[in-house]
Amino acid sequence: QTPHGRIMEGAPAPPPVTPHMPTLRVMRLYRPSLAMKDADGYFGGAEALTGGTSRVMSHSADFGLGHALVLPDSFGNIYVGQTFTAYVSVLNHHGLPGDSSSAENSVLRDVKCETTLATPTKKITLPDMSAERGCPKASENPAPTLSGGASLDLIVEVPLEAVGTHTLQVTVSCVDPRVGPQTHTFRKNYRFNVMKPLAITIRTAEKAPATEGRRLQYVQVGVRNLTHGLITIASMDFIPNPERNLQVLHRPMLQPGHFGNGAEEAVGEGRLGSFVDALDAELLVGPNDVYTNVYEIHNTNGVLQAATSEELALTSLVGHVKIRWRNDMGEEGIVASSDITEEHHEQRVVAVQAELPGRWAVHQPFQGKIRVTNNLNRALELQLQLRKAHADGLLALGKSFRNIGTVSPGQTVETTMDFMPVSLGLRRVEGIVLVDMVTAMEYPQGTLGTVLICARPEQPEDGASPP
């Protein structure tokens, strides 16, 4: 500005220099499922079968892929117990053919890539695992220089332990010498959902009371396939509580009458059975199908006495099951069940006890002894009912009720009831309700007992009448 107040016009200011930023690409490394050709001439994998929209034309002249190869267009289905593996590439695309930048002006300096995974419960920093996975020459991170066309490549992996939304966060920083020494940073988030692959159900049943310092019980573990494809149960290992002297017996299991001596002869005669044979003989489990395994637990310490609630929780813990499974392309996952504990029954005002066989054959009726005890201070006119809506594979044979009659305070009355097993596995006697015929008061009962129902007719045990 002149002394006279006029503005002098100068040369226009040069436009600001925009820093060159690299390109970030992230791809999950996994084995995609095979795709099959449908009637319309399209390829569709598991996504197409479940309503997805990803399809590839098979009759295109330049379509060179095989009939069973389709590149995934997303992270795909991810399940708890699997290992999430991703390939992260930071590419300096400047200076490549078609780009206006010259080779000397396309070099980036101090290029750094950081990856973290935010789970529903914590945040995990993921290091580069390229060298551990056998890459001959892992990228230097941070890279002092990254010329045009070069890339900084990483492989990250982490076991997935929680269900829910996960976020893979990738942060890239670099210096563009054309702009100045300042560091430029950008960040990208990749969200994906981790699902539950298996639904695990557990049942426990005491086989016999503790005798001679030895206590026996069954643990049944059922696994339902929640994935969209076939899976293989590679192993189901029962991990006993190390604080207790437990012995786990499963697969093979001797038939009743062949325990102890003579096991070798039983094998030679073909009399050696297994729970897998009696229940589910196939390890290949389809979507929503169930695979079941049963374990016999021997506790040589008998019944453990606990003085405090903490000791009770410790002595009640039997163990847990570790399940290793694979999908149809061989990807492996590992899932552990919750802690398996023994059941402790509280005394009811009107209590029912049942004397049942430990094992029985399906579709073969058996008789159970029922004991009803009145723990109230007044007499009751009782009827015992077995309600079908709550039955667990053990149905009443004939009449589903028994008139007990008058039961005085503190008195125990015995009766019998015939049962028909219609399902395999550990089956609970449930749905028992005692009804006071005078006041119409109902006294529902919990699980009265459990019977292992097998496919083969077997010799009776525990003194029960043969079918």
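Residues numbered from 1 in each chain as written. Predicted model: local features only at pLDDT ≥ 70, side-chain atom pairs only at ≥ 80, totals over all residues. Heavy atoms only, no water.

Novice: Residues and numbers for the packing of aromatic side chains, please.
Specialist: What the rule picks out here adds up to five aromatic pairs. Ring plane angle 15° and centroid distance 4.6 Å describe the contact between Phe-84 and Phe-192, whose orientation is recorded as stacked. Residue Phe-84 is found in strand 6 (residues 83–91), and its partner Phe-192 is found in strand 12 (residues 183–195); the two are separated by 108 residues along the sequence. Phe-192 gets classed as buried once you look at its relative accessible area, which sits at 6%. Put simply, the rings of Trp-360, Phe-366 and Phe-419 touch in pairs and so form one group of aromatic residues. Directly above the ring of Tyr-30 sits Arg-28, whose terminal nitrogen or CZ lies 4.0 Å from the centroid. (Phe/Tyr/Trp six-rings, centres within 6.5 Å; stacked < 30°, edge-to-face > 60°. Helix = DSSP H or I, 4+ residues; strand = E, 2+ residues; numbered from the N terminus. Buried < 20%, exposed > 50% of the residue type's maximum accessible area, 1.4 Å probe, protein only. Lys NZ or Arg CZ within 6 Å of the ring centre and 35° of its normal.)

Novice: Give me the pairing of strand 24 (residues 366–374): which residues, what numbers.
Specialist: Relative to strand 24, strand 22 (residues 350–355) runs antiparallel, the two sharing six bridges. By the bridge assignment, Glu-355 is partnered in strand 24 with Lys-369. (Pairing = 2+ DSSP bridges.)

Novice: Lay out the nonpolar core with the relevant residues and their values.
Specialist: Judged by nonpolar contacts, the single largest core of 29 residues is most densely connected at Leu-24, Val-26, Phe-84, Leu-168 and Val-170. Of all elements in the fold, only strand 1 (23–28), strand 6, strand 7 (108–118), strand 9 (143–146), strand 10 (151–159), strand 11 (164–175) and strand 12 reach the threshold of two or more residues within this core. Residue contacts for Leu-168: discarding those within four places in its chain leaves Val-26, Phe-84, Ala-86, Thr-116, Leu-117, Leu-126, Lys-188, Asn-189, Tyr-190 and Phe-192. Core analysis: the second largest hydrophobic core is formed by 25 residues, Val-362, Phe-419, Ile-432 and Ile-453 among them. (Core = buried A, V, L, I, M, F, W, Y, C linked by side-chain atoms within 4.5 Å. Contact = heavy atoms within 4.5 Å.)

Novice: Run through the sheet that holds strand 30 (residues 432–436), naming residues and quoting values.
Specialist: The strand order 27-25-30-31 describes an open sheet built from four strands, whose pairing is antiparallel. Of all the strands in the sheet, the pair left with one neighbour each is strand 27 (401–407) and strand 31 (442–444). Taking the axes of each pair of neighbouring strands and ignoring which way they run, one obtains an average angle of 20° across the sheet. As paired elements, strand 25 (residues 380–386) and strand 30 share five bridges and run antiparallel to each other. In the strand pairing of strand 30, Leu-386 is matched with Ile-432. (Axes fitted to C-alpha atoms, helices over the stretch in contact; angles between N-to-C directions.)

Novice: With reference to specific residues and values, describe the pattern of salt bridges.
Specialist: As enumerated under the stated definition, the model contains 13 salt bridges in all. Here Glu-161 ties to Lys-122 by a salt bridge, and the two come within 3.7 Å at their closest N and O atoms. Of this pair, Glu-161 sits in the loop between strand 10 and strand 11 while Lys-122 sits in the loop between strand 7 and strand 8 (123–126), and the two are 39 residues apart along the sequence. Connected through salt bridges with shared partners, the residues Arg-203, Asp-392 and Arg-427 form a single ionic network. (Salt bridge = Lys/Arg side-chain N within 4 Å of Asp/Glu carboxyl O.)

Novice: Could you give me a rundown of the side chain of Thr-23, with the residues and numbers involved?
Specialist: Relative to the assigned elements, Thr-23 resides in strand 1. Note on Thr-23: relative accessible area 18%, which makes it buried. At a separation of 2.8 Å, a polar atom in the side chain of Thr-23 contacts the side chain of His-93. In this view, Thr-23 contacts Ser-89, Val-90, Leu-91 and His-93; residues no more than four positions away in its chain are not counted. (Polar contact = N/O pair within 3.5 Å; in protein donor to acceptor, adjacent residues only side chain to side chain.)

Novice: I'd like a description of the sheet that holds strand 32 (residues 450–454), backed by residues and values.
Specialist: If you trace the three strands from one edge of the open sheet to the other, you get 23-32-29, paired in mixed fashion. At either margin of the open sheet sits one strand with a lone partner, and together these are strand 23 (359–361) and strand 29 (425–428). Averaged over all pairs of adjacent strands, the angle between strand axes in this sheet comes to 40°, irrespective of strand direction.

Novice: Break down the environment of Met-437 for me, with residues and values.
Specialist: If you trace the backbone, Met-437 turns up in the loop between strand 30 and strand 31. On the basis of relative accessible area, Met-437 is assigned to the partly exposed category, the value being 46%. Residues Met-437 and Leu-380, 57 residues apart in the sequence, show an inter-C-alpha distance of 8.1 Å.

Novice: Go over the side chain of Asn-225 with me, naming the residues and quoting the values.
Specialist: By secondary structure assignment, the location of Asn-225 is in strand 14 (residues 214–225). The residues contacting Asn-225, other than those within four sequence positions of it, are Pro-197, Leu-198, Leu-230, Ile-231, Val-285, Gly-286, Pro-287, Asn-288 and Asp-289.

Novice: Let's hear about the confidence of the model for the protein chain: which residues, and what values?
Specialist: For the protein chain, per-residue confidence averages 76 on the pLDDT scale, and 69% of positions sit at 70 or higher. Averaged pLDDT values over the elements of the protein chain bottom out at 36 in helix 2 (residues 263–268) and peak at 94 in strand 8. Every residue in residues 37–63 scores below 50 in pLDDT, and together they form 37 contacts with partners more than four places removed in sequence or on other chains. This model gives residues 460–467 a pLDDT under 50, and the stretch forms 16 contacts once residues within four places in sequence are excluded. (pLDDT = per-residue confidence, 0-100.)

Novice: Tell me what's going on with unusual backbone geometry, and back it up with residues and numbers.
Specialist: Cis geometry is found at the peptide bond from Asn-141 to Pro-142, where omega equals 5°. One non-glycine residue, Asp-110, adopts positive backbone phi at about 50°. The phi angle at His-363 is positive, at roughly 65°, despite the residue not being glycine. On the secondary structure map, His-363 appears in the loop between strand 23 and strand 24. By relative accessible area, which is 52% here, His-363 ends up exposed.

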